[in-house]
Amino acid sequence: MRASLIQIAVDEGESVNSRRSRVSSLVREVAGRERPDLVVLPELWTTGAFAYETFASEAESLEGPTYEAMAKAASDAGVWLHAGSVPERDASGDLYNTSLVFSPDGSLAASYRKIHRFGFDKGEAVLMGAGSELVTVRTPAAAIGLATCYDLRFPELFRGLVDAGAEMFVVPAGWPARRREHWTLFARARAVEDQVYVLACGTGGTHAGVPQAGHSVVVDPWGEVLAEAGDGEEVLTVDLDLAKVAATREQFPALKDRLLGVEAPPR
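Predicted model, so just to flag it, every value in this text is computed and none were measured. (Residues numbered from 1 in each chain as written. Predicted model: local features only at pLDDT ≥ 70, side-chain atom pairs only at ≥ 80, totals over all residues. Heavy atoms only, no water.)

## Describing the packing of helix 5 (residues 155-163) against helix 6 (residues 180-194)
Threshold: Axis lines are fitted to C-alpha atoms, over the contacting stretch for helices. Their N-to-C directions set the angle, which ranges from 0 to 180 degrees. Only runs of H or I of at least four residues qualify as helices and only runs of E of at least two qualify as strands under DSSP, and these elements are numbered from the N terminus. Roughly parallel here means an angle under 35 degrees, roughly antiparallel means over 145, roughly perpendicular means 65 to 115, and every remaining angle is called oblique. Two helices that cross are described as forming a left-handed crossing if the nearer one is turned anticlockwise from the farther one by less than a right angle, and a right-handed crossing if clockwise. Contact between two residues is taken to exist if any of their heavy atoms lie within 4.5 Å; hydrogens are not considered. Under this grouping Gly is polar, as are all residues other than the nonpolar Ala, Val, Leu, Ile, Met, Phe, Trp, Tyr, Cys and Pro and the charged Asp, Glu, Lys and Arg.
Look at helix 5 against helix 6: their axes get within 11 Å of each other, and the N-to-C directions meet at 40°. Viewed along their axes, helix 5 and helix 6 adopt a mutual orientation that is oblique. Here the hand of the crossing between helix 5 and helix 6 comes out right-handed. Mapping the contact onto sequence places Pro155, Phe158, Arg159 and Val162 in helix 5 and Arg190, Glu193 and Asp194 in helix 6. Of the residues in the contact of helix 5 with helix 6, the class split is three nonpolar, no polar and four charged.

Following this line, the structure appears as structure tokens:
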């Protein structure tokens, strides 16, 4: 599988409609130039992950304008597209941080509502509801487990995705620059402990006064960093050997020795 991560710099002076159009064009451009099977976008790129005051006004239904634009971009480009996440408003009016994954024909392959909301007693943690379901999506090349940003700090979520068959984690994020070292550390830790590829796609720029870490990263099942971006707009394209997941698990079968969180050791 070839994957391209598009690290977008969110410009606070750019309208959501303008950014949506720009990102749609970027997906097509990157697909045409890099020929990836999978394209990944960051978390909440329409608004900025820390632009809390805009979440309610810019929230969309699941099949809203971002859904429509990304479905068309995936179809036009003929790629699997993890379209990052959007502020979703459901039929009852509740908000969620929801990721969208499209197949190459433009149909919705999966959606994931972020389970762990950041902010403690403010921001996303109080403005948005928590998802409750682990989500994997199966592509011809690999089973992909979905997570978002702050989820990286909760390894039990990723264990659940491994139990569901995940061979790769895709993690869109809006991670702050002041905790950039944690970002890379957690991406590598999740790859090593679950023996999977991790594709972690962040943002550049500044969201509501919060500088973003950038440094999107691709990590292999041994924890080796295959590619890492800087802090501005950038595209990472990496060829992934999915056979390495099974090979790693066979060479170092640590997952078979799990005793906690499973009904019985999976011998």
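## A word on empty space enclosed by the protein
The cut-off we apply is this: Both site types are read off a 1 Å grid over the protein atoms alone. A 1.4 Å probe that fits but cannot get out defines a cavity, while an open set with protein on both sides within 12 Å along at least five of seven lines defines a pocket; lining residues have an atom within 4 Å of a point. Grid points are joined across faces, edges and corners, and a volume is the space filled by probe spheres set on the points.
What the rule picks out here adds up to two cavities of 30 Å³ or more. In this structure, the largest cavity spans a volume of roughly 150 Å³. Along the wall of the largest cavity there are 15 residues; nearest its centre are Phe50, Phe118, Cys149, Tyr150 and Gly174. Of the residues that constitute the lining of the largest cavity, the class distribution is nine nonpolar, one polar and five charged. The calculated volume of the second largest cavity comes to roughly 40 Å³. Residue lining of the second largest cavity: Leu38, Trp80, His82, Val101, Val137, Thr139, Ile144, Leu146 and Val170, and that is the complete set. Put simply, the parts of the chain that give the lining of the second largest cavity at least two residues each are strand 4 (80-89) and strand 8 (143-146). Partitioned by chemical class, the residues of the lining of the second largest cavity number seven nonpolar, two polar and no charged.

## Digging into the packing of helix 1 (residues 16-34) against helix 3 (residues 65-77)
Following both chains from N to C, one finds helix 1 and helix 3 inclined at 15°, their axes separated by 9 Å at the closest point. Taken together, the axes of helix 1 and helix 3 lie roughly parallel to each other. The two elements helix 1 and helix 3 meet at a crossing, and its hand is right-handed. In this structure, helix 1 contributes Arg20, Val23, Ser24, Val27, Arg28 and Ala31 to the contact, and helix 3 contributes Pro65, Thr66, Ala69, Met70, Lys72, Ala73, Asp76 and Ala77. Of the residues belonging to the contact of helix 1 with helix 3, the class tally is eight nonpolar, two polar and four charged.

## A closer look at the UniProt feature "domain: CN hydrolase" (unreviewed entry) in the chain
Rule in force here: UniProt positions are given in the numbering used here, feature names are shortened, and annotations may be inferred rather than shown by experiment.
Taking the UniProt record as the reference, the feature "domain: CN hydrolase" (unreviewed entry) is found at residues 1-242. Counting secondary structure, residues 1-242 comes out at 26% helix and 29% strand; the distance between its end C-alpha atoms is 7 Å.

## Digging into the sheet that holds strand 13 (residues 217-219)
To keep things clear, this is the line we draw: Two strands pair if DSSP finds at least two bridges between them.
Overall, mixed pairing links the six strands, which are arranged 7-8-9-10-13-14 in an open sheet. Edge strands, defined here as strands with exactly one partner in the open sheet, are strand 7 (136-138) and strand 14 (225-228). Geometrically, the sheet is characterised by an average inter-axis angle of 15° between neighbouring strands, direction not taken into account. Strand direction decides the pairing type here: strand 8 and strand 9 (residues 168-172), joined by three bridges, are parallel. Paired with Gly145 across the bridge in strand 9 is Phe169. Contacting strand 9, strand 10 (197-201), strand 13 and strand 14, helix 6 runs over the sheet at an angle of about 155° to strand 10.

## Focus on helix 5
Stated formally: Throughout this description, buried means an accessible area under 20% of the type-specific maximum (1.4 Å probe, protein chains only), exposed means over 50%, and partly exposed covers the range between.
Listed as buried for helix 5 are Leu157, Phe158, Gly160, Leu161 and Val162. Contacts made by the buried residues of helix 5 are with strand 6 (108-113), strand 7, strand 8, strand 9, helix 6 and helix 7 (243-251). Looking at the residues trailing helix 5, positive phi occurs at Gly165, about 105°.

## Looking at the side chain of Glu60
Keep this limit in mind: Polar contacts, as used here, are pairs of N or O atoms within 3.5 Å; protein pairs need one atom able to donate a hydrogen and one able to accept it. Residues neighboring in sequence count only if both atoms are side-chain atoms.
Inspection of the secondary structure assignment puts Glu60 in the loop between helix 2 (55-58) and helix 3. Taking relative accessible area as the criterion, Glu60 reaches 5% and is therefore assigned buried. At 2.5 Å, the side chain of Glu60 forms a polar contact with the side chain of Thr66. Contact partners of Glu60, with chain neighbours within four places excluded, come to Arg20, Pro65, Thr66, Tyr67, Pro87, Glu88 and Arg89.

## Describing the nonpolar core
Selection rule: We call a set of buried Ala, Val, Leu, Ile, Met, Phe, Trp, Tyr and Cys residues a nonpolar core when their side-chain atoms join them within 4.5 Å.
Counting 51 residues, the largest nonpolar core has Leu38, Met168, Phe169, Leu199 and Leu240 as its most contacted members. Not counting chain neighbours up to four residues away, the residues in contact with Phe169 comprise Gly145, Phe158, Leu161, Val162, Arg190, Asp194, Val196, Tyr197, Val198 and Leu199. Formed by 22 residues, the second largest nonpolar core is a distinct cluster that contains Leu26, Leu41, Val86 and Phe102.

## Brief notes about the sheet that holds strand 5 (residues 95-102)
With respect to topology, six strands assemble into an open sheet ordered 6-5-4-3-1-15, the strand pairing being mixed. This sheet does not close on itself; its edge strands, each paired only once, are strand 6 and strand 15 (234-239). Geometrically, the sheet is characterised by an average inter-axis angle of 25° between neighbouring strands, direction not taken into account. Bridge count for strand 5 against strand 6 is five bridges, and the pairing is antiparallel. Bridge assignment links Ser99 to a residue of strand 6, and that residue is Tyr112. Along the sheet, helix 1 contacts strand 1 (2-7), strand 4 and strand 15; its crossing angle with strand 1, the most-contacted strand, is approximately 145°.

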